[in-house]
Every structure is written in C-alpha cells, then in structure tokens.
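# Structure at a glance
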Amino acid sequence: MVVQEDNPNSGENVEKTDPGTVVAEPAKIFKVEILHMIKDAQQQHGLRHGDFQRYRGYCTRRIRRLRKALKYPQGDKRHFKRRDVTITQLTGKKADERYIHIPLISAERAWAYAMQLKQESNTEPRKRFHLISKLRRACFYALQLQELCNTDAFDARTKLECEAYVAWMHGSLHFELQLWQSAGEHLKRAQVVYENLAAALPDDEQELYRAKVNEFTPNLRYCAYNISGGASGGDLDEILELRAQGVLENLDVLVSQTKTESSEGLQTIDWRGRKVTVRPEKVRLFLLSAQELDKSLAKATKLDAKIELIERILMDCKDAIQAVRDEIKQDPKLRSLTTGQTVSGVQYLLAYLSYIRHSRTLQRNLCLVEQAKLNFVDPNQQSEVVGDGKRVRSQDLARLYEIILQNVTEMQQINGMEEDAKYQSEVENLAITFKAFRCYYIALTLIDMKKWKEAVALYERASNYANEALKAKASPEFPQQSELKTLVSIIDGCKFSAHAYSVLEDDNSEAGTTTKAQKTTKPLYERLSQYKEDQSLHTKTPNVFKLTPDMEPIPCKPLFFDLAMNYVELPSLEDKLEQEGKKGASITGFVKGFLGWGGGGNK
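A brief structural summary. Note that the structure is predicted; figures quoted are calculated from it, not measured. All residue numbers refer to positions counted from 1 along the written sequence of the respective chain. At least 70 in pLDDT is required for a residue's local features to be given in this predicted model, at least 80 for side-chain atom pairs to be given and counted, and no such filter applies to totals for whole chains, interfaces and linings, which use all residues. Side-chain numbers come from the whole structure's heavy atoms, not from hydrogens or water.

## Regarding the overall build of the protein
What counts, and what does not: Every helix listed is a DSSP run of H or I at least four residues long, and every strand listed is a run of E at least two residues long, numbered separately from the N terminus. Burial classes: relative accessible area under 20% of the type maximum marks a residue as buried, over 50% as exposed, and values in between as partly exposed (1.4 Å probe, protein chains only). We call two residues contacting when some pair of their heavy atoms lies within 4.5 Å. Note that accessible areas follow from Shrake-Rupley with a 1.4 Å probe, and for residues the cover is restricted to the protein chains shown.
Secondary structure assignment for the protein yields 17 helices and two strands. Within the protein, the proportion of its 603 residues that are buried is 39%. Contacts spanning at least 24 positions in sequence make up 66% of the contacts within the protein whose residues lie at least 6 apart. Accessible area for the protein stands at about 38,700 Å²; split by element, carbon and sulfur atoms hold 52% of it.

Listed below in structure tokens is the structure:
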C-alpha cells in the first residue's frame, strides 16, 4: 500500500518576527503529461506495429533504469524487498518527478503484457485468465498513481490526466470481464475528462486528446449494445455521461485550474486571431525581449541607436527560428505542408517568427532610408543637408527602396500565410506604397541624366501607385499615409516641370542641327556642290582632300572554264609509238645461245 506522510512544508508559511527563524521553502509542484508521455513511448517502442512484447520489454528496462538512477532498488542481488513509491519521495528538498514515473510505467508494463496475451488467446484460450490477472495488476498500479497524484505535489492538469487514465484502465478490465455496465461508466468517465481537458488546452495540444476520445467510441457502442440486449442503446450515452459527470464532482474546478496554469506555465501568443503555445525556451526569451524592443526604440533618439537595437533583436530572432525548425525536424508529421491543410501550431509559430524577422528588417531599412534622407538634397522640395556624412544621391535611395521591396516580397511568401487573403492584401498594399517611392527616386535619377521624357513617365507611375495605396487600408505597423500625400502633391508639380524641360530639349535639338551641320568631317572635294561655312579651311590643316583615298571595289577578272574538253575525240597515236618486237638482239643473248646455256639450247 501507499503510505502517506504529512509534509510540514506543505502548509502555508507563517512569517515570524524572530530574525533567527528560518522560513520554510514552498513545496514543489510537479506537472506530468501522462497521455503525452505514454503515447510517445508507445509509438517509439513497438506499438506503431502492434508489437506489445517489445513495448513490455522497454517498460521493464525503463523501470530498472529509474530505480537505479534514483537509488531506490527493491532489495539486493540475493533478497527481494518490495519498495513502493510514497509521498515522501515527492516532497521535501530531495523531491524528484521521476518517482511518479515508476508506478506509471509499471501499469503500462502490466497492460502491455495483457494485450500481448490477448493476441495469443485467439489460439490458446487458457491465456485469458493470465490476461485478466495482468489487467488487475495494471489497475493496482494505476490506483497507486492516482493516490500520489491527488496530493498537493501535483497540479490540476496532472490530476485530470491521472483520473482519466485510471478510469480507462478500469474500463478495459471490466470490458474483458464482460461487466458492460461498469465498463461503459468507466470508459465514458475517461472520455468526458479527456474532452474537457482538451477544451482547456491550446489548439496545438488538443489533437492528441481528441484522438484518445475517439478511441473510446467503439467500446462504448459495444457496451451499449450488450446492456440493451441487442437493441439500440441511444439513450445510454447520455445516462453514462451524466453519471460520469456526477462521479467527477470537481471536474469544473480542475479544468479552470488547468486553464490558468496552462496560460502561466506555457507562454501563448495571439497573432491574427489564433493562439499558439510557445514551447522552446529560446523562443520564449526572444518574445519577451521583442516586447521590450518598442519601448527601447521609443527612448532612443538617434537613428544609429535604433538600428543597433533592431539588429540585436534580429540575431536573437534567427536563433529562435532555428530552434523551432529543429523541433519540426524531430516530428516527421510537421516536415511537409500540403495545400489546403490546416497549419499546425508549430508551423504557425514559425510563420509568426518569420513575420517578426521580416517586419523588423523592414523597420531597420526604413531607419536607413530616414538616415540617408538627412544627407540628400531633393531638388523638388528645396531641402538642405542636415547630416554630416557623405552626400547621398537619388539612386542610393532608389536602391534602398528596392531592398525594401524584396523584403516585402519575402513577407508575402511566408509558409502558412499564402491562403490568408487579409494578410496578403495588407502586404500587397505595403508593396505598392514602396513602389511609389522607388519610382519617384528613379525619376530624380533620370532628371540628373537629362532624360526628361523617361522621368515624366516614372512620375506618372509613381503618382498612380501612391493614389492606389491611399485608397486601400493603411498598415497599422508601417503607416505611410502622410508621406504618400506629400509625395502626390510634389509629383503633380514635378511632372509639368519635367515635361517643359523635354519640350525645350526638342527645340534646342532642332536649332542645334543647323550649327552642327557646319561642322562636318567630309573633305571639300566631296561637297563642292554645297555651300557651308567651314572655319577649318582657314587653318593650317584644311580639310580639302583626303591624301589616302579610300579603297573602292572594282570588278574582278573573268575566269574561263573549258567545258568542251570532255567531248573532244583526240586522234590515235599508236603508229607513232615504238613496238617491242622490232628491237635488235643484244650481245648477251648471242653469247648465251652460242655456248649452249641459257634458254635457247634446250629447244
């Protein structure tokens, strides 16, 4: 049995005036996510493939490791001495949460053994007796767990989860014993607790509990079928639900406590109408520092200080995003997101952190633009240089706005926000706003290059962008309405000025053609029929004749090809050639014939 000992530190601490009195430390309060812990263990150690024997072996090794690590063995190598976990190990200075894992894993080991025997009982019916015995043992350890969790050492969520776990274990035992009435009550009780627990938790944690609730449905329907004797048991669910709610009298109190502790223990963010739980410690610290950034920026007076503060928070944001990505890599279900699928809590948190990074980068770039304008002279506004730095040109500001537009494009492409129409509309309006400023400064660059017509076209485009942005709803984080109105009023005058300069340029170009025609590179002998006043003729090197004349193309010499040669019949010359038979005999032949050797003596 579990022995409970009174903990003197569990009560309220009474303050005394005696300075020598030592105030007792508050008792530790543990939080154990029972369902989450056992589901992870089951999926990683065999139950994904229905291998209960492997899971039972894991539970045995896990209990052995826990007792060895906590130095809480049951006897020695020769003798066995049973030692159950008591409330003493969970209170005081040496309290450790791992002690509560021992009865939990013991219950899981007995349940896994029972499920293994259930599979084997299909061919060996006698094993059902062993199965019932192991389920009774699992209920025994589950009651030990409940007795420990109902103390002040655990929070409300742990008590709820333990209550549901015990009810499910007893429901499984009574289901095998074919006690349909009590089995339905226990299973319905566990279902009600898990449903209320899911409603009290954030969205990203509800999926596991709702899946567990759906597991009870087939067994509950079978219990209702057997209780009603084969008839429809439609009203039984309501009866069982009412009885289960009556058994768990403090359900509403525990649920409210769980909501409070969940909001305090796990920081949640509310972004665009959705709440997400923040688990990684780096992300929590970053969000706390990000909340203080706006206050620090309000206190900073110089732009350099603001830029430095924003760059610091961007470095922390990079680490927070990496922490969330590492968490996503560990869960294969979160690695890919298909079109139309609901964005999970972790992915939505990653989207929120990505938005913070892009928005803070945009804020920093706007500070750089504001800093550059201090050293920029706008010819249309008659502004004066205020800063002491290097003179800024209009193309430098156009380049800064080009970088800002790239940043806005990245904001549109954040994973998980593609289907948010309201968000995309806000970012698109922001892009149109910065396009207006970019076109304006590109027009100023063209004016410096004396390209008036191109400048007029860009002024017109900048005016269209600005008017379109003014019609849409302004962004609350980046208000640019006043700057856009100022830009529209400036562009109205700049367009007429640039157009006038373009007209003057056309007139000057026509007048300049007559003067430019007097200065030509043709020599005098090539333009004798034209009268032009050429002042170079009066100099020492007059352009009268080109001493080295240009090469001119001339017709080439014709080639003749003998095409009739193949058809000509030449006369025979055989009578002109010397015949071999008319040649005279040589002296060598004469000698050979005379002496009798050679070819002639044998004839």
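## Thoughts on the packing of helix α1 (residues 34-44) against helix α2 (residues 52-70)
To keep things clear, this is the line we draw: Orientation is described by axes fitted as lines to C-alpha atoms, over the contacting stretch for helices, and by angles from 0 to 180 degrees between their N-to-C directions. Any angle from 65 to 115 degrees is called roughly perpendicular, while one under 35 is roughly parallel, one over 145 is roughly antiparallel, and all others are oblique. In this scheme the handedness of a crossing depends on how the near helix is turned from the far one: anticlockwise by less than a right angle means left-handed, clockwise means right-handed. Under the grouping applied here, Gly and all other residues not named as nonpolar or charged are polar, the nonpolar ones being Ala, Val, Leu, Ile, Met, Phe, Trp, Tyr, Cys and Pro and the charged ones Asp, Glu, Lys and Arg.
The interhelical angle for the contact between α1 and α2, taken along N-to-C directions, is 125 degrees, at an axis separation of 9 Å. Regarding the angle of α1 to α2, the classification is oblique. You can see that α1 and α2 cross each other, and the crossing is right-handed. Mapping the contact onto sequence places I38, A41, Q42 and Q44 in α1 and R54, Y55 and Y58 in α2. Looking at the contact of α1 with α2 residue by residue, the classes come out as four nonpolar, two polar and one charged.

## Quick look at a nonpolar patch on the surface
How we decide: In this analysis, a patch consists of residues with relative accessible area above 30% that form no salt bridge, clustered at 9 Å for like charges and at 5 Å for the nonpolar side chains Val, Leu, Ile, Met, Phe, Trp and Tyr. For this document, the term salt bridge refers to a Lys or Arg side-chain nitrogen within 4 Å of an Asp or Glu carboxyl oxygen.
Residues Y525, L528, V544, F545 and L547 make up a contiguous nonpolar surface patch of roughly 560 Å² in combined accessible area. Summarising the element assignment, L547 is placed in the loop between α16 (481-518) and α17 (587-595).

## Comments concerning the nonpolar core
Short version of the rule: Put simply, buried Ala, Val, Leu, Ile, Met, Phe, Trp, Tyr and Cys residues joined by side-chain atoms within 4.5 Å make one nonpolar core. The source of the domain bounds is an automatic or database domain assignment.
Grouped together as the largest cluster of nonpolar side chains are 75 residues, with contacts concentrated most on F286, L287, L353, F434, Y440 and Y459. Elements with a minimum of two residues in this core: β1 (268-271), α10 (281-299), α11 (303-330), α12 (345-373), α13 (394-412), α14 (421-448), α15 (452-471) and α16. Looking at this core element by element, the count peaks at 15 residues for α14. Residues from two domains meet in this core; each of domain 2 (267-334 + 342-375) and domain 3 (402-506) gives at least three.

## With respect to the side chain of E108
This is how the line gets drawn: Residues scored as charged are limited to Lys and Arg (positive) and Asp and Glu (negative), so that His and the chain ends carry no count. The definition of a polar contact used here is a pair of N or O atoms within 3.5 Å, where within protein one atom must be able to donate a hydrogen and the other to accept one, and adjacent residues in sequence count solely through side-chain atom pairs.
With respect to the element layout, E108 can be found in helix α3 (residues 101-120). Although E108 is buried, it forms no salt bridge, and the closest oppositely charged side chain is K212 at an N-O distance of 7.6 Å. Polar side-chain contacts of E108 include one of 2.9 Å to the side chain of Q42. What E108 contacts, discounting residues up to four positions off in sequence, is I38, Q42, Y55, C59, Y165 and W168.

## Topic: the side chain of H174
With respect to the element layout, H174 can be found in helix α5 (residues 156-176). Its relative accessible area of 14% is what places H174 among the buried residues. Excluding residues that lie within four positions of it along the chain, H174 makes contacts with L179, S182, A183 and H186.

## Re the pattern of salt bridges
This structure, assessed with the given rule, holds 15 salt bridges. Of the charged contacts in the structure, one is a salt bridge between K118 and E176, with a shortest N-O distance of 2.9 Å. Of this pair, K118 sits in helix α3 while E176 sits in helix α5, and the two are 58 residues apart along the sequence. Judged by relative accessible area, E176 falls into the buried class, the value being 11%. The salt bridge involving E402 is made with R438; its shortest N-O contact spans 2.7 Å. Pair noted here: E402 is in helix α13 and R438 is in helix α14, with a separation of 36 residues, a long-range link. The exposure class assigned to E402 is partly exposed, which follows from its relative accessible area of 26%. The network of salt bridges with common partners includes E33, R157, E161 and E205.

## Some remarks on a positive patch on the surface
The line we're drawing: The atoms used to mark charge sites are NZ of Lys, CZ of Arg, CG of Asp and CD of Glu.
The grouping of R54, R61, R64 and R65 at the surface amounts to a positive patch. Position of R65 relative to the elements: it lies in helix α2.

## So, the packing of aromatic side chains
Geometrically, a pair of aromatic rings is defined through the distance of the ring centres and the angle of the planes. The test is simple: Aromatic pairing here means that ring centres of Phe, Tyr or Trp (its six-membered ring) are within 6.5 Å. Orientation follows from the plane angle: under 30 degrees is stacked, over 60 is edge-to-face, and everything else is tilted. We call a charge positioned above a ring when the Lys NZ or Arg CZ atom is no farther than 6 Å from the ring centre and deviates by at most 35 degrees from the ring normal.
Applying the stated criterion across every chain yields a total of 20 aromatic pairs. Measuring from ring centre to ring centre gives 5.6 Å for F140 and Y141, while their planes differ by 65 degrees; the resulting arrangement is edge-to-face. For the pair Y165 and W168, a centre-to-centre distance of 5.8 Å together with 50 degrees between the ring planes defines the contact as tilted. Of this pair, Y165 and W168 both sit in helix α5, three residues apart, which is roughly one turn of that helix. Like W168, Y165 is buried. Geometry around W168 places K212 over its ring, the cationic atom sitting 4.1 Å from the centre.

## A closer look at unusual backbone geometry
The backbone of K71 sits at a positive phi, close to 55 degrees, despite the residue not being glycine. Residues other than glycine seldom take positive phi values, yet Q178 does so here, at roughly 65 degrees. Structurally, Q178 can be placed in the loop between α5 and α6 (180-200).

## Examining the packing of α6 against helix α7 (residues 203-227)
Working note: a packed helix pair is described by the angle between its axes plus the distance between those axes. Contact geometry for α6 and α7: axes closest at 9 Å, N-to-C directions at 160 degrees. Taken together, the axes of α6 and α7 are roughly antiparallel relative to one another. Along this stretch, α6 crosses α7, giving a crossing that reads as left-handed. Each residue belonging to the contact of α6 with α7 can be placed in one class, and the counts come to 15 nonpolar, seven polar and four charged.

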